[in-house]
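# A look at the structure
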Amino acid sequence: MKKGITETALRDAHQSIMATRLRTEDMLPVAELMDEVGYHSLEVWGGATFDTCMRFLDEDPWERLRVLRKRFKKTKLQMLLRGQNLVGYRHYADDAVREFVKRAVGNGLDIIRIFDALNDLRNMEIAADQVKKEGAHLQLCLSYTISPFHSLERFTEQAVALQQMGADSLCIKDMAGLISPVDAARLVSAIKAKTGLPLQLHSHYTSGMAAMAYLAGLEAGADVVDCAISPFAMGTSQPATETMVAALGGGRLDTGITLEKLVPVSKYFKEMQQKYSKLIMGLQGVDVNVLLYQIPGGMYSNLVSQLKEQNSLDKLDDVLREVPLVRKEMGYPPLVTPTSQIVGTQATVNVLVGKRWKVVPKEVKMYFLGYYGRPPAAVDPEIEKLVIGEEIPITCRPGEKLEPEMAAAREIIAPFVLQPEDVLSYVLFPSVAKDFLMLKYAREMKRDLGFERTVENAVYPV
């Protein structure tokens, strides 16, 4: 059976190596060439792209999606959705989740890949239900990680539960590049045997194992793998598309893609690599830290950034050692947005303050109170008491605690709404979107609002 390639150059690849700064204008010239390749799909939206479009690039993320949909006439387009977090960093109310999915599909997405940082299936329910209602392809994820709690049996049980939620396909999402070829083969075999669903492998090259894990996974029955065109590949990004196509060519795992069609795409992205060279900061080799501390590339760069701001870069090794301890005490959450930021910040605070758990950020307290979902394993009871005292964690689905928020947002931003999607932009990122939408309105209506907006240039945490 022919195997598929999902190309990540227009989303995860540039998020991983250049802080999601690839502009829409630099995606369009290569669209026609990419549309002819024969990819299984193109990942073009979601993750950090929504935020960075408005915050750094002065672009409308909805317009990006519409423009790309017009250019790609043959290839399916997909996005990454953080469950109840959507494309933001907190849980949003159910009405916002449903409206977002409705608009995302309506603006051109074929496949929506949904994950939850804690693998708490309750946090995926509303988004998954709406994807099915919209008639799009629902791909549900297992966020892969390694701990005494995360076993082959437990991941397989979750895969069956995702199938029961209506998944059209499943994805093993290895955001840190931790999965070994041996474990990939075992996990793929187990999930395929239990579910029979199409299965996709997503990994990052950070540890150096991703391409080997892909081959082992495909041989065990995986159907699609995520790759990036070579100038945007490897390091903290995905394995190179051309290499994977060549490695599989001519055998039973052939992708049906030819190198001849990939060469002009690669040539174009080589030009983009040179154009954005000052922004490209992805690791070019292998990072042993990810194997020792299970820290994804984006989280590692965040820790370095935080410590530099505090003039404490000399404490980096201490923070790296602290991360696994904090993660264990917090019930072994997979380290992916937003839990990677929560765990990383607490580890940094523990080291800088000099006494563990003396200072606790609000997000960490909310985690212990259950507002991010159910931790994979039990949290340390002594640490829990230190953090929340006598307060009782919630046990319901966190989204049930949130009041509807679309109507209030619609009223606040109404004077500057040019399209229904603008209300969602405001719900997701109020402070960023408000200025963005006001100036967008002023440009469209040729009005002077009396102020200029300075687009931020700081490196954005991926």
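First things first, this report covers the structure right here in the doc. (Residues numbered from 1 in each chain as written. Predicted model: local features only at pLDDT ≥ 70, side-chain atom pairs only at ≥ 80, totals over all residues. Heavy atoms only, no water.)

## Quick word on the packing of aromatic side chains
Under the convention used in this document: Here is the rule: rings of Phe, Tyr and Trp (six-membered ring for Trp) pair when centre to centre is within 6.5 Å. Planes less than 30 degrees apart are stacked, more than 60 are edge-to-face, and the remainder are tilted. Between buried and exposed lies partly exposed: a residue is buried under 20% and exposed over 50% of the maximum accessible area for its type, with that area taken using a 1.4 Å probe on protein chains only. Note on geometry: a ring has a charge over it if NZ (lysine) or CZ (arginine) is within 6 Å of the ring centre and within 35 degrees of the ring normal.
Taken as a whole, this structure holds 14 aromatic pairs when the rule is applied. Ring geometry for Tyr 268 versus Phe 269: centroids 5.7 Å apart, planes at 90 degrees, classification edge-to-face. Grouping residues by exposure puts Tyr 268 and Phe 269 together as buried. Relative to Phe 368, the ring of Tyr 367 lies with its centre 5.8 Å away and its plane at 80 degrees, an arrangement referred to as edge-to-face. Classification of Tyr 367 by relative accessible area gives buried; the value is 1%. You can call Phe 368 buried: its relative accessible area is 4%. Grouping aromatic residues by their ring pairs yields a cluster made of Trp 45, Phe 50, Trp 62, Tyr 89, Phe 100 and Phe 429. Sitting over the face of the ring of Phe 115, Lys 173 holds its NZ or CZ atom 4.9 Å from the ring centroid.

## Some details on the packing of helix α5 (residues 94–106) against helix α19 (residues 421–428)
We apply this condition: Whenever a helix is involved, its axis is fitted only over the stretch in contact; in every case the axis is a line through C-alpha atoms, and angles between N-to-C directions fall within 0 to 180 degrees. Only DSSP runs of H or I covering at least 4 residues are called helices, and only runs of E covering at least 2 are called strands; the numbering of each starts at the N terminus. With respect to orientation, any angle under 35 degrees is reported as roughly parallel, any angle over 145 as roughly antiparallel, any angle of 65 to 115 as roughly perpendicular, and every other angle as oblique. By convention, the crossing between two helices is left-handed when the near helix turns anticlockwise from the far helix through less than a right angle, and right-handed when the turn is clockwise. Throughout, a residue-residue contact means that at least one pair of heavy atoms, one from each residue, lies within 4.5 Å. Charged residues are taken to be Asp, Glu, Lys and Arg, nonpolar residues to be Ala, Val, Leu, Ile, Met, Phe, Trp, Tyr, Cys and Pro, and polar residues to be all remaining types, Gly included.
Orientation of α5 relative to α19, taken along the N-to-C sense of each, is 130 degrees, at an axis distance of 10 Å. Our classification of the angle between α5 and α19 gives oblique. For the pair α5 and α19, the crossing hand works out as left-handed. Seen from α5, the contacting residues are Ala 96, Glu 99, Phe 100 and Arg 103; seen from α19, they are Glu 421, Leu 424, Val 427 and Leu 428. Each residue belonging to the contact of α5 with α19 can be placed in one class, and the counts come to five nonpolar, no polar and three charged.

## Examining the layout of surface pockets
Put simply, the test is: Points on a 1 Å grid, built from protein atoms alone, make a cavity when a 1.4 Å probe fits but cannot get out and make a pocket when they are open with protein on both sides within 12 Å along at least 5 of 7 lines; residues with an atom within 4 Å of a point are the lining residues. Grid points are joined across faces, edges and corners, and a volume is the space filled by probe spheres set on the points.
What the second largest pocket holds in volume is close to 240 Å³. Forming the walls of the second largest pocket are 14 residues, and the residues nearest its centre are Leu 118, Asn 119, Phe 149, Gln 158 and Pro 376. Considering only residue class, the lining of the second largest pocket consists of six nonpolar, four polar and four charged.

## Notes on the environment of Met 445
Within the secondary structure, Met 445 is located in helix α20 (residues 430–445). Using a relative accessible area of 40% as the deciding quantity, one classes Met 445 as partly exposed. Sequence separation between Met 445 and Leu 418 is 27 residues; the distance between their C-alpha atoms is 9.9 Å.

## Comments concerning the environment of Phe 56
For Phe 56, the position within the fold is in the loop between α3 (49–55) and α4 (61–71). Sequence-wise, Phe 56 and Cys 141 are 85 residues apart; in three dimensions their C-alpha atoms are separated by 29 Å.

## Quick notes on the sheet that holds strand β3 (residues 77–81)
The condition that has to hold: In this analysis, strands are considered paired if DSSP registers two or more bridges between them.
Strand order in the closed barrel made by the eight strands is β1-β2-β3-β4-β5-β6-β7-β8, with parallel pairing throughout. Looking at each pair of strands side by side, their axes are set apart by 30 degrees on average, direction ignored. Sheet analysis places strand β5 (residues 137–143) next to strand β6 (residues 169–174), joined by five bridges and oriented parallel. Of the residues in β6, the one forming a bridge with Leu 142 is Ile 172. Set on the sheet, helix α9 (residues 210–219) makes contact with β7 (199–203) and β8 (224–227); between it and β7 the angle comes to about 170 degrees.

## Thoughts on a nonpolar patch on the surface
Rules: Two joining distances apply to patches: 9 Å for like charges and 5 Å for nonpolar side chains (Val, Leu, Ile, Met, Phe, Trp, Tyr), and every residue must have over 30% relative accessible area and no salt bridge. The Shrake-Rupley method, run with a 1.4 Å probe, gives the accessible areas here. Residue values count only the displayed protein chains as cover. Salt bridges are defined by distance alone: a side-chain nitrogen of Lys or Arg within 4 Å of a carboxyl oxygen of Asp or Glu.
On the surface, Val 288, Leu 291 and Leu 292 cluster together into a nonpolar patch covering about 290 Å² of accessible area. Tracing the chain through its elements places Leu 291 in helix α12 (residues 289–293).

## Considering the side chain of Ser 312
Within the fold, Ser 312 resides in the loop between α13 (297–309) and α14 (316–329). With residues up to four places along the chain from it excluded, the contact list for Ser 312 reads Leu 307 and Leu 352.

## A word on the nonpolar core
Short version of the rule: Here, the term nonpolar core denotes a set of buried Ala, Val, Leu, Ile, Met, Phe, Trp, Tyr and Cys residues that are joined through side-chain atoms within 4.5 Å.
Judged by nonpolar contacts, the single largest core of 102 residues is most densely connected at Tyr 39, Trp 45, Phe 100, Ile 114 and Phe 269. Examining the composition of this core, we find that six residues originate from one element, α5, more than from any other. Discounting chain neighbours no more than four positions away, the residues touching Phe 269 are Ala 9, Leu 10, Leu 22, Val 30, Met 34, Ile 229, Pro 231 and Phe 232. Counting 28 residues, the second-largest nonpolar core is a separate cluster that includes Leu 303, Leu 335, Ile 342 and Ala 347.

## Details of the packing of helix α8 (residues 181–195) against α9
With their axes 8 Å apart at the nearest point, α8 and α9 run at an angle of 30 degrees to one another. Looking at the two axes, α8 sits roughly parallel to α9. The chirality of how α8 crosses α9 is right-handed. Along its contact with α8, which presents Pro 181, Ala 184, Ala 185 and Val 188, the element α9 presents Met 212, Ala 213, Ala 216 and Gly 217.

The analysis is restricted to geometry; functional conclusions fall outside its scope.
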